[in-house]
Amino acid sequence: MAEVSNVDSLERAASGVVEQCLRDGLESLSGRDRVLFLLWCHAPQIDNGGHGAFFYNSPADYYEETVEALESLDLKPYADLLRRAAEILFSGDVPREMEERNEQIGALPDSVDDELAAIDDQYESLGGGDRVLESLGRWYFRNRH
């Protein structure tokens, strides 16, 4: 489990960043806050519903940016899992709009669930969202400039 003080501090920082992003858009955030927003939204979605939930909900509006954020924190295995889930769910690029993603997901055969479950299991074996948030917290508070 992530250190409580680190996660608490991260949660306080994320609160303001999420509010700013929702009000002014992702482009309004500094590079550091952008990574915080993307990964703060990524980890809970997957922890609470798997990779399918990530793509079904609004955090996947920033799929490409999330992959880049994961890689920027040396979390490439997590980025690779997100890419693999996208390849299972979408025949081409991941749609930017949630409604379009959900239409495509809804048309998929049930067999996709087993493939996503395998990816979710790999995510958990890597340390799940706790590892993502621990890495994020160390990086975020080390890079205050």
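Keep in mind that what you see is a predicted model, and the values were worked out from it rather than measured.

Novice: Break down the side chain of Asn102 for me, with residues and values.
Specialist: Relative to the helices and strands, Asn102 is located in helix H5 (residues 98-106). Ignoring anything within four residues of it in the chain, the contact list for Asn102 reads Phe55 and Tyr56.

Novice: Mind laying out helix H4 (residues 76-89), listing which residues take part and the relevant values?
Specialist: With 14 residues, H4 extends 20 Å between its outermost C-alpha atoms, agreeing within 8% with the 20 Å of an ideal straight helix rising 1.5 Å per residue. Elements in contact with the buried residues of H4: helix H2 (31-56), helix H3 (63-72), H5, helix H6 (112-125) and helix H7 (128-142).

Novice: Break down the pattern of salt bridges for me, with residues and values.
Specialist: A side chain with one charge can pair with a side chain of the opposite charge if their charged atoms come near. Enumeration over the complete set of coordinates arrives at seven salt bridges. With its nearest N and O atoms 2.9 Å apart, the salt bridge here joins Lys76 to Asp80. One end of the pair, Lys76, and the other, Asp80, are both in helix H4, four residues apart, so they sit about a helical turn from each other. The partner of Asp80 in a salt bridge is Arg83, and the shortest N-O contact between them spans 3.1 Å. Of the two residues, Asp80 and Arg83 are both situated in helix H4; the distance of three residues between them amounts to about one turn of the helix. The exposure class assigned to Arg83 is partly exposed, which follows from its relative accessible area of 27%. Each member of the salt-bridge network shares a partner with another, and the members are Glu71, Lys76, Asp80 and Arg83.

Novice: Hey, could you go over the side chain of Asp33 for me, with residue numbers and the actual values?
Specialist: As for its placement among the helices and strands, Asp33 is situated in helix H2. There is no salt bridge for the buried Asp33, and the closest opposite charge comes from Arg32, which lies 4.1 Å off by N-O distance. Those residues in contact with Asp33 that lie beyond four places of it in its chain are Val17 and Tyr140.

Novice: Help me get a handle on the packing of H2 against H6, residues and values and all.
Specialist: What describes two packed helices is the angle between their axes and the distance between those same axes. Between H2 and H6, the least distance of the axes is 8 Å, while the angle of their chain directions is 145°. Contacts between H2 and H6 involve His42, Ala43, Ile46, Asp47, Gly50, His51 and Gly52 from the former and Leu116, Ile119, Asp120, Tyr123 and Glu124 from the latter. Residue classes in the contact of H2 with H6 are distributed as five nonpolar, four polar and three charged.

The rules we used
Residues numbered from 1 in each chain as written. Predicted model: local features only at pLDDT ≥ 70, side-chain atom pairs only at ≥ 80, totals over all residues. Heavy atoms only, no water. Helix = DSSP H or I, 4+ residues; strand = E, 2+ residues; numbered from the N terminus. Contact = heavy atoms within 4.5 Å. Expected span 1.5 Å × (residues − 1). Salt bridge = Lys/Arg side-chain N within 4 Å of Asp/Glu carboxyl O. Buried < 20%, exposed > 50% of the residue type's maximum accessible area, 1.4 Å probe, protein only. Lys, Arg positive; Asp, Glu negative; His and termini not counted. Axes fitted to C-alpha atoms, helices over the stretch in contact; angles between N-to-C directions. Nonpolar A, V, L, I, M, F, W, Y, C, P; charged D, E, K, R; others polar.

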